[in-house]
Amino acid sequence: MRNFLLHWLVITLFAASVQSAQAQTNVYTEIYNSVLLKNPRLKQDIGAREHVLLRAKTIDDTLTDDQITAIITNNYLSSCTGVNCVKNAEPIQNIYDSTINQRDFARQLQRIAYSYEAGTIGITNDPGSLANIWPSIRGIWLSGTDNTISTQPSSMVRFIKLDDEYDSKIQDILSEITALTTNSSGLPSMDELEAAVHRYRHGYRDLFTESSCESHNNDLEDEPNLLLAIHLRYCDLENAINRLYEALQDYEYDPPLQTGEIAVFTRDLFMNAKDKDVYIWARNDDIGLNWIYGIDSPHSTLVYEDELVETPWDYDDPPEEPDFLKGLCSHPLAKEGYMCRPVSAELCPVDPDDCLTDDSGGCADTEGKSVIGLLACTPSNIQKYTRESPSGQNICQIGAWLEQPVEADGYDDLSQIYHDKDSGENDDIVEEMNECSNCVIDFYCSDSCPARGDEESFAFQKTDTGIQKVCIPNSVESHDRLIYYLAIHETVHAQQMCGQPPNTNIATTAEQCCAAENEAYVVTCNALWEDGILQQTDYTIEQCAAILSNVACNEFGEKACTIVETDAEEFTDDLVEVFEKQDEDGVPMQSCEEVIANPTSKLTSMVASTGPVCNPNCAAKYENTIGNNLCYIGQCIEQSWEQNRLVPGRVPSTTQEQAFPWESCMNPDPQLGTIGSVAAGNTTRLPVYEPFRLVEQVDKELCRLNGYPLQTPPVLCMYNSNESVNLTFTTAFTLSQVTQERMNNDALLRSITGHSLSNVSNRNTSAMLATYLKTAILSMNEVLSNVQRLLLQIGTVQLPTVMCPREPITSCSYFEQTTSP
Amino acid sequence: MKQSRITIGIIAVTALFFSTYTPFFALQNLTGSLVKPTPILASCSATNDFFQLEYTSITRDNDVVDQWKTNFHDLMNSLTNAQLNDELIIDCTALTIGQFLQPTAAMSEILNTWEPFMSDPDSQKLSRLDIGHVQLELLRQYECALLERARFAETKIGPELVYEMFRSTFAPGSREQFGIKVKELSDETNDQREKIVQEIGITRETVEQVVRLLNGKERTTIIKAEAQCLERASLDIRNASGLLAEATSCLPRIWNSRDVLTDLPE
């Protein structure tokens, strides 16, 4: 029980923002009241008193509750005069004092934890919070390509404001929250709600799908306290939350949610329990509760039965880590924290459990010196390859940034352009080609695909008619769940070849093979990460791609692409282990036919992102992000550059200078060479922290203030009020009064001097923060200034308003008159 | 003899003055106006209007300490609430941190009405992140006021009791006799001194915990504000890039525009 209690305490204090239901307008008052609790004469800590009553009875069972209360409040001389009172007063007061100190310490830690976590907790429905601004900024900037080729992927978050259709269901939840504060289950009024919020802080789905609420043991036994209450389940509340969840499952997303994308729902009504310090949060995959301000922590059972927890740090085993993507790690921002990411076994081989031991059993280095063994990582030595192509778009060529294929006039059924569901290996659908596509990707399933290396799927070269066959196996030797990921992998190869001339082999050398395969496997491994599979192994996306590239290019030798210690079998075994776990959990799996017939939004988008976007009369549709806009602009410019003639004097391979006689009329380009360069990396670093120097400085000032030379220890410099004379003694009465006043003043002065140190530290840390931010903001400012400068320059570009004449003209005045300024 | 002592005293004071201030004058001559005058410091006493109460409002059941206590905690409560609940007002194009992260309305009122903030133009540069400094300064003044009252309790409380006695004695129908006993004064004085000692101990700890909490929370405020500005700027850039993409979609119109073979279909 002790371990259990301590775990709970540790979890409570350090892992999350816990706490009580307090109206959000009373933070100051709550803190004031908690300070009062330290003086039992002013205010009694009811929780502490309850437990001292229990403990005191074990010391002397003849004591009544009133007598114990009198002892606690230091009134036993008048209210509890029996021998048992006098005898037991000291041990009982000691228990009360240590309980009070314990609880006060816990509260203070709680508030510090809250204040630090408040801005970054990540459990929120407020789009304006820091936890949600980052995904929002990311969403504004990143292109679909970035999301698919990133080796450090992050959650995509979409905020959706609900309409009043769901209000009645939200009201049901609010009613249940209110009901919890009035229930009479034996707990103080707010404790049950507090326990419920603790229970559903990270959502209700895991509990709800794990077992039936009604069959859960909801008996508080004989001791109504919070510790037990947080293990209860609140079925009415759970059912109300579930009704909202089910209603939200029918929500129609426009555009559809991508794989791994998270929808966060907002509604003002979610905040309607703020008088109880509680709010509701809702995502597409879960719904839960949380505290607005978790500033109080009425730990009702720091003293449990007859065992007193002496210090909060007196714990033995750390709390159990939550599963990946569950609990704390289910929240969009939190899942990117270091606690929720796997540690690469290859790059970070040092395990604290494996360290050498010193004399006392702790960690030691090779020389036997005691060290704290946490983790040590080495830089990745995975070799990088860059793929080059002679023509076709390179910007955003790989990935998924277009929502649907580039649309041409006259095609109603777009799916026919890129999918022929009935097509087999020898089908020819060339008649479906149009001016808006470079190729037609034609998937088909087979029991025996031709393949490179040890791969089991294959993307054929583009034929003369523009068809790109992609063979997906009906079954995969290691596990059939890989079928979908092989389809993604081969689609990348199709993207690589789509813009190339027919029959281009993109992997004739080891370098070319490694570059092509690594690119394709990065996208594949990114998909494995997005689906939460890779996180359950010890591999990063980069390592995953490196290992699999070696397999694909083994015709060029063993580990031809890069040196990685892990062999493919080991990696595959780890993957298969996760897949088998998914089988046990009943996670649905797609067969080859299903992958082709009902492609995921990611696969659809990848297939769509192959066409030449800038061809005349072709329309492209994509999500409005800066990255996607730049993909469009970039591809258009590339297309213009490679296939047409835009810039006088620059001759692309397919045009001739003789065709353009008007270049002599061209003004000098004022923008040439003026595009701003991005500032060199201006890294920020934390300012030097010199606590010893600061303390020394304070000591020196303290001595100087009181007129002493610098003394060691500096407490010798303290002002001694007993040596001063501030009032004349006239009578014995004033003598005692003055003495008392001096003692009071002395105590106050010591207290104020001591507290002033925290003011000094406050100022110093503020100065450190300012120093740090100065550089940090400067870097940000430089980047933004460059962006602004570039945009201004783009704005000053002068575009001609007329097309060039086809008939001969005699002078340049034609252009001067008709070109807008 | 007495005359000579005074003369020596004047010479000593003059010497001390010049020895103290000559380097300052010299420095000022060299640096011009670079040396900033010492800011006006608030005195360590109950001089602020906040601590001035009308005699008519003071009673033995609700004495000065009680009223200060209520008023001060209300003030701190409102400052704290404003800091926690008021919407963040950000001016992304501001040149100073004070304009960028403006103080809350409650904090601004303090800066405009309390010394030393009122008289120091630099205090107008304070931002909402400086709430800790402001609250600790208010606490210092509160402690000063309480200490001053504790030290001069008899002289302060005496007139208050007299005034209260005056009111009750001369109230219509009163049969009380005018006058206060020494014991009454002594009891009231001891009572208030005890309250003051208790109050100082509790308030200092409370305010420091609140300051710690607010500063911890404000730690991320500047990042949050920067992020919000970045978000707004990103939206602007997205609009600009969207327009640019729109413009780029017209590129085919000028492909091979000088080539007779590039007529586009009508």
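Scroll up to find the structure this text is about.
**Q** Help me out: how do you make sense of the overall build of chain B in this one?
**A** Helix and strand content of chain B: nine helices and zero strands. Reading the secondary structure of chain B in the N-to-C direction produces α-α-α-α-α-α-α-α-α. Considering chain B as a whole, with its 266 residues, one finds that 42% of them fall into the buried category. Per element, the accessible surface of chain B, about 14800 Å² overall, is 59% carbon and sulfur.

**Q** Any chance you could explain the state of the cysteines here in plain terms?
**A** One way to say it: the disulfide is the covalent bond shared by the sulfur atoms of two cysteines. Residue and element names in this part refer to chain A. Taken as a whole, this structure holds 10 disulfides over all chains when the rule is applied. Covalently, cysteine 513 is tied to cysteine 553 through a disulfide, its sulfur atoms 2.0 Å apart. Disulfide cysteine 513 to cysteine 553: torsion about the S-S bond roughly -100°, handedness left-handed. Within this pair, whereas cysteine 513 is found in helix α16 (residues 510-530), its partner cysteine 553 is found in the loop between α17 (541-552) and α18 (568-585), the two being separated by 40 residues in sequence. No difference in accessibility class separates cysteine 513 from cysteine 553, as the two residues are buried. With a sulfur-sulfur separation of 2.1 Å, cysteine 514 is cross-linked through a disulfide to cysteine 561. With the S-S dihedral at roughly -90°, the linkage between cysteine 514 and cysteine 561 falls on the left-handed side. Of the two residues, cysteine 514 is situated in helix α16 and cysteine 561 in the loop between α17 and α18; the sequence distance between them amounts to 47 residues. According to the relative accessible area criterion, cysteine 514 is buried, its value standing at 1%.

**Q** What is the right way to look at the nonpolar core in this model?
**A** One recurring pattern in soluble globular proteins is that nonpolar side chains are buried together. Membership of the largest hydrophobic core comes to 55 residues, with the highest contact counts inside it found for A:Tyr485, A:Leu528, A:Leu534 and A:Phe571. If you list the elements that add at least two residues to this core, you get β10 (440-446), β12 (467-473), α15 (482-498), α16, α17, α18, α19 (592-597) and α20 (601-608) of chain A. In terms of residue count, the dominant contributor to this core is α15(A) (11 residues). The residues contacting A:Tyr485, other than those within four sequence positions of it, are A:Thr524, A:Ala527, A:Leu528, A:Asp531, A:Ile533 and A:Phe579. Listed in part, the 42 residues of the second largest apolar core include A:Trp281, B:Met76, B:Leu136 and B:Leu139.

**Q** Got a minute to help me understand the packing of helix α2 (residues 27-36) of chain A against helix α6 (residues 83-117) of chain A in this structure?
**A** For any two helices packed against each other, the geometry comes down to the angle between their axes and how far apart the axes lie. Residues and elements named next belong to chain A. Close contact between α2 and α6 brings their axes to 11 Å; oriented N to C, the two are set at 155°. When the axis of α2 is compared with that of α6, the two are roughly antiparallel. Helix-helix and strand crossings are classified by hand; for α2 and α6 the assignment is left-handed. Counted together, Glu30, Ile31 and Ser34 of α2 and Asp104, Arg107 and Arg111 of α6 form the full contact between these two elements.

**Q** Would you take a moment to explain helix α13 (residues 235-249) of chain A for this structure?
**A** Structural remark: α-helix, 3.6 residues per turn; residues separated by three or four positions point the same way. Compared with the 21 Å implied by 1.5 Å per residue over 15 residues, the 21 Å span of α13(A) between its first and last C-alpha is a close match. Considered for burial, the residues of α13(A) that qualify are A:Cys235, A:Leu237, A:Glu238, A:Ala240, A:Ile241, A:Asn242, A:Leu244, A:Tyr245, A:Ala247 and A:Leu248.

**Q** What am I meant to see in α18(A) here?
**A** Residue and element names in this part refer to chain A. With 18 residues, α18 should reach 26 Å at 1.5 Å per residue; the first-to-last C-alpha distance of 26 Å fits that figure. Residues of α18 that are buried: Ala568, Phe571, Leu575, Val576, Val578, Phe579 and Gln582. An end-on view of α18 places all buried positions within 160° of arc, on one side of the element. Residues of α18 that are exposed and angled more than 90 degrees away from the buried face: Glu569, Glu577 and Glu584. Its buried side turned inward, α18 meets α15, α16 and α17.

**Q** Would you mind going over the pairing of strand β3 (residues 278-283) of chain A with me for this structure?
**A** Residue and element names in this part refer to chain A. Within β3, six of the six residues are buried, which leaves the element mostly enclosed by the surrounding structure. Two strands pair when backbone bridges link them, and strand β2 (residues 261-266) and β3 are joined in this way by two bridges, in the antiparallel orientation. Each residue of the ladder has a partner; that of valine 264, found in β3, is arginine 283. Note that β3 and strand β4 (residues 287-291) share five bridges and pair antiparallel.

Quick notes on the rules
- Throughout, a residue's number is its position along its own chain's written sequence, starting from 1.
- As they are written, the chains are lettered A onward and the ligands numbered 1 onward, keeping that order.
- It should be noted that, the model being predicted, local features are given only for residues of pLDDT at least 70 and side-chain atom pairs only at 80 or more, the latter also being counted only at that level, while totals for whole chains, interfaces and linings use all residues.
- Processing note: side-chain calculations cover all non-hydrogen atoms of the structure and skip hydrogens and water entirely.
- Helix and strand assignments come from DSSP, with helices taken as H or I runs of at least 4 residues and strands as E runs of at least 2, each series counted from the N terminus.
- Burial classes follow relative accessibility: with a 1.4 Å probe on protein chains only, a residue under 20% of its type's maximum area counts as buried, one over 50% as exposed, and anything between as partly exposed.
- The accessible surface values rely on the Shrake-Rupley method and a 1.4 Å probe; as for residues, cover is taken only from the protein chains in view.
- Count a disulfide wherever a pair of cysteine sulfur atoms falls within 2.5 Å.
- Throughout this description, the term nonpolar core refers to a set of buried Ala, Val, Leu, Ile, Met, Phe, Trp, Tyr and Cys residues connected via side-chain atoms within 4.5 Å.
- Residues are treated as being in contact if the distance between any of their heavy atoms lies within 4.5 Å.
- Working convention: axes come from line fits to C-alpha atoms, limited for helices to the stretch in contact. Angles between N-to-C directions cover 0 to 180 degrees.
- Each angle is binned into one of four classes, with values under 35 degrees roughly parallel, values over 145 roughly antiparallel, values of 65 to 115 roughly perpendicular, and all other values oblique.
- A clockwise turn of the near helix away from the far one marks a right-handed crossing, whereas an anticlockwise turn of less than a right angle marks a left-handed crossing.
- Between the first and last residue of a helix there are one fewer steps than residues, each counted as 1.5 Å, and that sum is the expected span.
- Note that the arc is defined by the directions from the helix axis to the C-beta atoms.
- Two strands qualify as a pair provided DSSP detects at least 2 bridges between them.

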